[in-house]
Structures are given as structure tokens and as C-alpha cells.
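# Inside the fold
These are the residues of each chain, in order.
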Amino acid sequence: MKILKLPKGKLDLFASVVQQFGELHAPVEQDGKYVFKRLARWPDARLEYDRTILPPKKYFLPPRETLFRYRPGEGFVPSTDGLDQRIVLFGVHACDVYAINILDQVFLGKYKDPYYQARRRNIAIIGIDCTPDKQCFCRSMRADFVDHGFDLFFYDTGDYYQALVGTALGDDMVLATGNLFEPVGPADIDAYKERSWNKRRAFHLDVEIRDLSEIFEMEYESGIWDQLGRKCLSCGSCSMVCPTCYCYDVSDDVELGSRAGKRTRSWDSCLYFNHALVASGENFRRDRASRIKFRFYHKQRGFVAEYGRPSCVGCGRCVSACPVNIDTAQVIDRLRRVEDVGSR
Ligand code: SF4
Ligand code: SF4
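These figures come from a predicted structure and were not determined experimentally.

About the criteria used
- Residues numbered from 1 in each chain as written.
- Chains lettered and ligands numbered in written order.
- Predicted model: local features only at pLDDT ≥ 70, side-chain atom pairs only at ≥ 80, totals over all residues.
- Heavy atoms only, no water.
- Near = heavy atom within 4 Å.
- Helix = DSSP H or I, 4+ residues; strand = E, 2+ residues; numbered from the N terminus.
- Nonpolar A, V, L, I, M, F, W, Y, C, P; charged D, E, K, R; others polar.
- Core = buried A, V, L, I, M, F, W, Y, C linked by side-chain atoms within 4.5 Å.
- Buried < 20%, exposed > 50% of the residue type's maximum accessible area, 1.4 Å probe, protein only.
- Domains from an automatic or database assignment.
- Contact = heavy atoms within 4.5 Å.
- Salt bridge = Lys/Arg side-chain N within 4 Å of Asp/Glu carboxyl O.
- Phe/Tyr/Trp six-rings, centres within 6.5 Å; stacked < 30°, edge-to-face > 60°.
- Pairing = 2+ DSSP bridges.
- Axes fitted to C-alpha atoms, helices over the stretch in contact; angles between N-to-C directions.
- Parallel < 35°, antiparallel > 145°, perpendicular 65-115°, else oblique.
- Left-handed = near helix turned anticlockwise from the far one by under 90°.

The next subject is the site of ligand 1. Within the structure, ligand 1 sits among F137, C242, P243, R295, K299, C312, V313, G314, C315, G316, R317 and C318. Elements with a minimum of two residues in the shell around ligand 1: α10 (288–307) and α11 (317–321). Looking at the shell around ligand 1 residue by residue, the class counts come to seven nonpolar, two polar and three charged.

Further remarks concern the nonpolar core. With 36 residues, the main nonpolar core has F60, L89 and F153 as its most contacted residues. At the level of secondary structure, the elements contributing two or more residues to this core comprise β3 (33–38), α2 (57–60), β6 (87–92), α3 (94–107), β7 (123–128) and β8 (152–156). Summarising the domain contributions, this core has at least three residues from each of domain 1 (2–64 + 77–202) and domain 2 (212–343). Ignoring sequence-local partners within four residues, the contact set of L89 consists of H25, F36, P56, Y59, F60, I123, A124, I125 and I126.

As a further point, take the pattern of salt bridges. Enumeration over the complete set of coordinates arrives at 23 salt bridges. Among the ionic pairs, E255 bridges to R71, the shortest N-O distance being 3.2 Å. Pair noted here: E255 is in the loop between β11 (248–254) and β12 (261–267) and R71 is in strand β4 (residues 64–71), with a separation of 184 residues, a long-range link. Residue class for R71 comes out partly exposed when judged on its relative accessible area of 36%. The network of salt bridges with common partners includes E65, D113, R119 and R265.

Looking now at the packing of aromatic side chains. Under the counting rule described, the total for this entry stands at 25 aromatic pairs. With a centroid separation of 5.5 Å and 85° between ring planes, the pair formed by F14 and F181 is classed as edge-to-face. Residue F14 is located in helix α1 (residues 11–18), and its partner F181 is located in the loop between α5 (168–176) and β10 (182–183); the two are separated by 167 residues in the primary sequence. For F14, a relative accessible area of 0% corresponds to the buried category.

Let us now look at the pairing of β12. Most of β12 sits inside the fold, with five of its seven residues counted as buried. Of the pairings in the sheet, the one linking β4 to β12 comprises six bridges and is antiparallel in character. Considered in β12, the bridge of R64 is made with S266. Taken together, the seven bridges between β11 and β12 define a ladder with antiparallel strand orientation. Within β12, the position partnered with V250 by the bridge is R265. Where β11 hands over to β12, the hairpin turn is made up of six residues, of which G257 adopts a positive phi near 70°.

Right, let's get into the packing of helix α8 (residues 224–231) against α10. For the pair α8 and α10, interaxial distance at closest approach is 7 Å and the crossing angle is 115°. Classified by the interaxial angle, the pair formed by α8 and α10 is roughly perpendicular. Read as a crossing pair, α8 and α10 show a hand that is right-handed. Here W225, D226, L228 and G229 of α8 come into contact with α10, specifically with R288, A289, I292, K293, F296 and Y297. Looking at the contact of α8 with α10 residue by residue, the classes come out as six nonpolar, one polar and three charged.

Attention now goes to unusual backbone geometry. Of note, S234 is a non-glycine position whose phi angle comes to about 60°, a positive value. Of note, S234 is situated in the loop between α8 and α9 (237–241). A residue is classified by how much of its surface remains accessible, and S234, at 14% relative accessible area, is buried. With phi around 60°, N325 is a residue other than glycine that occupies positive phi space. Along the chain, the position of N325 falls in the loop between α11 and α12 (328–336).

What follows is the structure, encoded as C-alpha cells:
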């Protein structure tokens, strides 16, 4: 992997050059929070942000999208809406890049999703390092550093951004800037290592995940799940903001008086009552306790069995979004504690 550095004073120039690779989107401030959106002008970008309300997932798996349209005599016509739009996503945190890599395993694995695939091909990712706040536990989830899934990744080392070049496209971006980037020297390496140590020390949360899957296996009947079920409102906010939740619902909108229509998919949540409702009227997870338990088991145990790691990246969004303060790190911590065995 190529490692270069960009003088901070030249970041504006770099941003103007990368616009030739696609429409520039970055975090901007909105009512005291941050959202990824198209930049009207570069100074609107906020690269020192905690977390965006919705993760960059929305670019690859939109909250609602048309899959295909159909009409008698014409068959099915796959939708291409927005699939060829070239975008440069600037300022993606490591945990969110990690989350996209997890989505890649789901949508580009055995069964490839052509809609996701097209967007993934056309959207460039420029990552940026961050400073953890009190809700971040990405280090515990091994998602505080990524070595792939981005085109460029920037580390703030003082007077420079140290840049990892992750792909040929990232290399093209560097070349397009002429000589803005410089080689790194021993002082830059020391600055990087110092930043890395400082970040490590900045984490407030430490969640042990080594044998977590086994703890979940053992605590299937724990009283914690009923306690959480009594508290949870089934609002689904935790799923909506999660960078790795990928469940979707599919519906057909048929035109009145015709057999033509379109098929749409939209984000779904396993916390919703209807999520496990089947045609016979049976519901496999009728009560809230079983639904919230399912969410935790899928992320921390089921995904490990299937893909070898939890699907949680420790971004803390579900903690920020939950109206009744259900905190993923605290739930894991409680599950590990011996004294909570009495709550069974
Ligand atoms: S479960 Fe919560 S902390 Fe984990 S990735 Fe999803 S939103 Fe982030
Ligand atoms: S955000 Fe909180 S209350 Fe809403 S479904 Fe998730 S855990 Fe339950």
C-alpha cells in the first residue's frame, strides 16, 4: 500500500481536483448534528465530526429504491435509477468503511446484488481518522482501523494528512493533483505512531468480544432479554441508523385498474412486529423481548458463525438514537458479568 502525505493547507485544492471523479459529498452540520450530503461548497464540509445520523450505507443501499417496473406485454424492466451516478464520499470514518466491507460480504458474496454492486463501483470513498467519544467502542469491535474498502484514507498528523492509497482509483486521484502529495519521512512516521497511540488512549469504552459468541450461546435464557423487552419500544431507530443492518422489505405498487406496477424495497427492522410475520398469520417473534434478543444474537453470534466476526462495528449510533437509552456496550457488559446470573 502506498503511503503519502498532503500538506493541510492544500486540502482545499485537493478537494477541488477530486470533483472530476464524481459529485462531492461529505458530512455537514445540520441542527447540531451531522449528515452526509452533497456539498454546495467545500467550506461546508465538517471533517472533525463525531458521527453522522445515518451512516454512508444510505448511498449503497438507499432507504427506499425501485428494483424494477412491470407492464403486461412488456415484462420486467430493471430500474437503473441513480446506479451510474459517480460520487466521491469524503470523510468516512474507519468504522463506517469497515461496515461497508461487512455489507460487501452480504451483497457481493454468493448472491450478488446488482443494485448494490453498481453503486459500490461508482462511489469513491475517502476515509478520515477520528477521535472517539463516550459512545464509541469501534476499537473493541476491531473496526477502528481499516486496511481496505477505501480509495484513500487520511490521518491528521499535525501539519499534514498522511494518506493511505487503497485502490488504483485512489492512485489516480493522487496523480490528478500533480505534485500536491509528498513522500513520507521518519518524522511523519513518528507523527503517525504518536497519533495512533493517542487515539488508543482516547477510548472511554472497552468491550471484551473474544469469547462473546460463546457467552451469547450460554445466556440464551438470561433474564436480561425480558428486561430489555419491557423497556424497548420497538421503534426500530437502532436498525435505521446502524451501518451494518441490511434487512429490507419488498412491496409491489400496482397501478389502479391495471396490472402494471413497480417493485420497491425499503429498509426494514427486526424490531418491528411484522418482521417475522408470515402469510399464515404466524409470527415467530411476537413479543418485544424475542425481537430485541434476535437483534443482539444476529449481530454478535449469528453473523460470527456465518462470516467469522460480529456485524457490529461499535459506532455508537444505536446508543444515540435509542429513546429509552438501551446501550449496546452496556448490554454486552451486563451479559458478561457474573452478578447478573442472578437475574435469570
Ligand atoms: S449495533 Fe449499534 S454500535 Fe453496533 S454497528 Fe450497529 S449502530 Fe453501531
Ligand atoms: S431504538 Fe431502542 S427502543 Fe427503539 S427499537 Fe431499538 S432498542 Fe428498542
